[in-house]
Amino acid sequence: MAQNGHTADLEKQMLLLQDHEEKHFMSSEIVRDIILGVSDGLTVPFALAAGLSGADVSSSIILIAGIAEVAAGAISMGLGGYLAAKSEADHYARELKREQEEIIAVPDIEAAECAEILAQFGAEPHEYEPVVNALRRNPTAWVDFMMKFELGLEKPDPMRALQSAITIAFSYIVGGVVPLLPYMLIPIARKALIASVVVTLLALLIFGLAKGYLTGNQPFKSAFQTVLIGAIASAAAFSIAKLFQHI
């Protein structure tokens, strides 16, 4: 009867798990890439355009320089994202191979480490010993357990590097187009600069709010910080251009 009751409890728990909907946001890596690309895309071309406007050049020259910067920035940022994700995957592969070798060469030490990990979660010896023995019978699960709980490493998506590169590059282009739009429509650089400031700061405000909501931070604080960074960068570029113009 006790065994039947235990089985019924397990079945009930499985049904509850199936009905339970987790509300965690699972695409944090993609969101991080989008935030990285858009924030730099909005800020860097904005500062460049503001700096060139301070040097009293025409809108067409600013636009050409801005487009060149967006293209170069997208390639550079995308390549950086690719290399970063590739490095993470290579690191995981090296640690996976080492862990596979260790459970063959020194299984008792690895079992002791496994027991220590479970003990840190409050399990008593009579509770974690069956778990350790079960893992020893399944080397693949044992390695996965040690990778996750000993080393804190999750198996990377094999498409992660390419996905990161494309996401960051595309996000950079989307962000970079915003401050350049006024220079496409307004031939006088001074007037285009004013429009670019308004449009870009508004875009930074909206982006900051969205970033705050997606990352779980305070949206208005995130918006203020994002706008402040963009404003400081553009003001610094404009002031430096003006300074060198009069030297």
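Residues numbered from 1 in each chain as written. Predicted model: local features only at pLDDT ≥ 70, side-chain atom pairs only at ≥ 80, totals over all residues. Heavy atoms only, no water.

Enquirer: Kindly report on the packing of helix H4 (residues 107–120) against helix H6 (residues 139–149), identifying the contributing residues and their values.
Expert: Relative to each other, H4 and H6 sit at 55 degrees, their axes nearing to 11 Å. In terms of orientation, H4 and H6 fall into the oblique class. Every pair of crossing elements has a handedness; the one defined by H4 and H6 is left-handed. In this structure, H4 uses Pro107, Glu110, Ala111, Glu113, Cys114, Ile117 and Leu118 to contact H6, whose residues at the interface are Trp142, Phe145, Met146 and Phe149. Here the residues of the contact of H4 with H6 are counted per class, giving nine nonpolar, no polar and two charged. (Axes fitted to C-alpha atoms, helices over the stretch in contact; angles between N-to-C directions. Helix = DSSP H or I, 4+ residues; strand = E, 2+ residues; numbered from the N terminus. Parallel < 35°, antiparallel > 145°, perpendicular 65-115°, else oblique. Left-handed = near helix turned anticlockwise from the far one by under 90°. Contact = heavy atoms within 4.5 Å. Nonpolar A, V, L, I, M, F, W, Y, C, P; charged D, E, K, R; others polar.)

Enquirer: An account of H4 is needed here, citing residue identities and associated values.
Expert: Compared with an ideal rise of 1.5 Å per residue, which puts 14 residues at 20 Å, H4 spans 20 Å between its outermost C-alpha atoms and is within 8% of the ideal. Among all positions in H4, only Glu110, Ala111, Cys114, Ala115, Ile117 and Leu118 are buried. End-on, the buried residues of H4 take up no more than an arc of 160 degrees, which puts them together on one face. Along H4, the residues that are exposed and aim more than 90 degrees away from the buried face are Asp108 and Gln120. Phi turns positive, to about 95 degrees, at glycine 122, one or two residues after H4. (Expected span 1.5 Å × (residues − 1). Buried < 20%, exposed > 50% of the residue type's maximum accessible area, 1.4 Å probe, protein only. Arc of directions from axis to C-beta.)

Enquirer: Give me the lowdown on the pattern of salt bridges, citing residues and values where you can.
Expert: Pairing of side chains with opposite charge becomes possible as their charged atoms draw close. All chains considered together, the criterion is met by four salt bridges. In this structure, aspartate 33 and arginine 160 form a salt bridge, with 2.8 Å as the shortest nitrogen-oxygen distance. With aspartate 33 in helix H2 (residues 28–54) and arginine 160 in helix H7 (residues 160–185), this pair connects stretches of sequence that are 127 residues apart. You'll find aspartate 33 and arginine 160 in the same group, each marked buried. (Salt bridge = Lys/Arg side-chain N within 4 Å of Asp/Glu carboxyl O.)

Enquirer: So what about a nonpolar patch on the surface? Which residues, and what values?
Expert: Taken together, the side chains of Leu79, Tyr82, Leu83, Met159, Leu162 and Ile166 present a nonpolar region at the surface, about 570 Å² in accessible area. Broken down by secondary-structure element, the contributors of at least two residues to the nonpolar patch are helix H3 (59–105) and H7. A total of three residues in the nonpolar patch trace back to one element, the largest contributor, which is H3. Residue placement: leucine 162 occurs in helix H7. (Patch = residues over 30% accessible without salt bridge, like charges linked within 9 Å, V, L, I, M, F, W, Y side chains within 5 Å. Areas by Shrake-Rupley, 256 points an atom, 1.4 Å probe, with all protein chains shown as cover.)

Enquirer: Describe the packing of aromatic side chains, with residues and values.
Expert: Under the definition given, this model contains one aromatic pair. Seen from their ring centres, phenylalanine 145 and phenylalanine 149 are 4.8 Å apart, and the 40 degrees between their planes marks the pair as tilted. Of this pair, phenylalanine 145 and phenylalanine 149 are both found in helix H6, four residues apart, which corresponds to roughly one turn of the helix. Overall, the relative accessible area of 14% leaves phenylalanine 145 in the buried class. Look at phenylalanine 149 and you get partly exposed, because its relative accessible area is 42%. (Phe/Tyr/Trp six-rings, centres within 6.5 Å; stacked < 30°, edge-to-face > 60°.)

Enquirer: If you had to explain the side chain of glutamate 69 to someone new, which residues and values would you point to?
Expert: Following the sequence through the fold, glutamate 69 ends up in helix H3. Here glutamate 69 falls in the buried class, since its relative accessible area comes to 17%. Excluding its chain neighbours within four sequence positions, the residues that come into contact with glutamate 69 are Val44, Pro45, Leu48 and Tyr172.

Enquirer: Explain the nonpolar core to me, using residue names and the numbers behind them.
Expert: With 16 residues, the main nonpolar core has Cys114, Leu118, Val132, Trp142, Phe145 and Met146 as its most contacted residues. Those residues in contact with leucine 118, other than ones at most four positions away along the chain, are Ala123, Tyr128, Val131, Val132 and Phe145. Listed in part, the 15 residues of the second largest apolar core include Ile62, Ile168, Ala192 and Leu193. (Core = buried A, V, L, I, M, F, W, Y, C linked by side-chain atoms within 4.5 Å.)

Enquirer: Describe the environment of lysine 211, listing the residues and the values that go with them.
Expert: Locating lysine 211 in the fold gives a position in helix H8 (residues 189–215). Considered as a pair, lysine 211 and arginine 32 are 179 residues apart in the sequence and their alpha carbons are 9.3 Å apart. Once residues lying within four places of it in the same chain are set aside, the contact partners of lysine 211 are Ile35, Ser222 and Thr226.

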